[in-house]
Amino acid sequence: MAKLESNIELEAAAFRRLLAHLDERKDVQNIDLMNLADFCRNCLSKWYKAAGEERGIEIEYEDARELVYGMPYAEWKEKYQQKATPEQLARFSEIEAAKNEPDKGQD
């Protein structure tokens, strides 16, 4: 098997494992992921859709979400999404504000 083919196979397997891990950890909310890693399940859905479009494959966002969430997003949201705490929202706002600050000390 050519190296590129095996890389694609391994990357696909790793992606499937990431999705399985997120499915096992429904207690981890998207805002937690955003606050810790600056991405969430919705980001993965958008990246999946964009990857398809880059390759000429039209993928509906809701279809990408269903792949990532393992069910329709509305169903996942109803079953598992918790209301964000004030602390989670405050941290998210801090992180977003820091992203928009100009770099200090740059010429």
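A. Highlighting the layout of surface pockets. For the largest pocket, the calculated volume is near 420 Å³. Lining the largest pocket we find 13 residues, and of these Ala12, Phe15, Tyr48, Ala51 and Arg55 sit closest to its centre. Of all the secondary structure elements, the ones that give two or more residues to the lining of the largest pocket are α1 (3–24) and α3 (41–54). Of the residues that constitute the lining of the largest pocket, the class distribution is nine nonpolar, one polar and three charged. Taken as a whole, the second largest pocket encloses approximately 240 Å³ of empty space.

B. The arrangement of the packing of α1 against α3 in detail. Two elements in contact, α1 and α3, have axes separated by 12 Å at closest approach and are oriented at 150°. What the angle tells us is that α1 and α3 run roughly antiparallel. Here the hand of the crossing between α1 and α3 comes out left-handed. Where α1 approaches α3, its residues Phe15, Leu18, Leu19 and Leu22 are matched on the opposing element by Arg41, Leu44 and Tyr48.

C. The nonpolar core, seen in detail. Formed by Leu19, Leu22, Leu33, Met34, Cys40, Cys43, Leu44 and Val68, the largest nonpolar core amounts to eight residues. Looking at this core, the elements with two or more residues in it are α1, α2 (30–37) and α3. Those residues in contact with leucine 44 that lie beyond four places of it in its chain are Phe15, Leu18, Leu19, Leu22, Phe39 and Val68.

D. Geometry of the side chain of arginine 41. Its place among the elements puts arginine 41 in helix α3. It turns out arginine 41 is buried and unbridged, and the closest side chain with the opposite charge, aspartate 27, is 6.6 Å from it. Of the polar contacts made by the side chain of arginine 41, one reaches the backbone oxygen of valine 28; its length is 2.9 Å. At 3.1 Å, the side chain of arginine 41 and the side chain of asparagine 30 are in polar contact. With sequence-adjacent residues up to four places away left out, arginine 41 is seen in contact with Leu22, Arg25, Lys26, Val28, Gln29, Asn30, Leu33, Val68, Tyr69 and Trp76.

Rules behind the numbers
Residues numbered from 1 in each chain as written. Predicted model: local features only at pLDDT ≥ 70, side-chain atom pairs only at ≥ 80, totals over all residues. Heavy atoms only, no water. 1 Å grid on protein atoms, 1.4 Å probe; cavity = no way out; pocket = protein on both sides within 12 Å on 5 of 7 lines; lining within 4 Å. Points joined across faces, edges and corners; volume = space filled by probe spheres on them. Helix = DSSP H or I, 4+ residues; strand = E, 2+ residues; numbered from the N terminus. Nonpolar A, V, L, I, M, F, W, Y, C, P; charged D, E, K, R; others polar. Axes fitted to C-alpha atoms, helices over the stretch in contact; angles between N-to-C directions. Parallel < 35°, antiparallel > 145°, perpendicular 65-115°, else oblique. Left-handed = near helix turned anticlockwise from the far one by under 90°. Contact = heavy atoms within 4.5 Å. Core = buried A, V, L, I, M, F, W, Y, C linked by side-chain atoms within 4.5 Å. Buried < 20%, exposed > 50% of the residue type's maximum accessible area, 1.4 Å probe, protein only. Lys, Arg positive; Asp, Glu negative; His and termini not counted. Salt bridge = Lys/Arg side-chain N within 4 Å of Asp/Glu carboxyl O. Polar contact = N/O pair within 3.5 Å; in protein donor to acceptor, adjacent residues only side chain to side chain.

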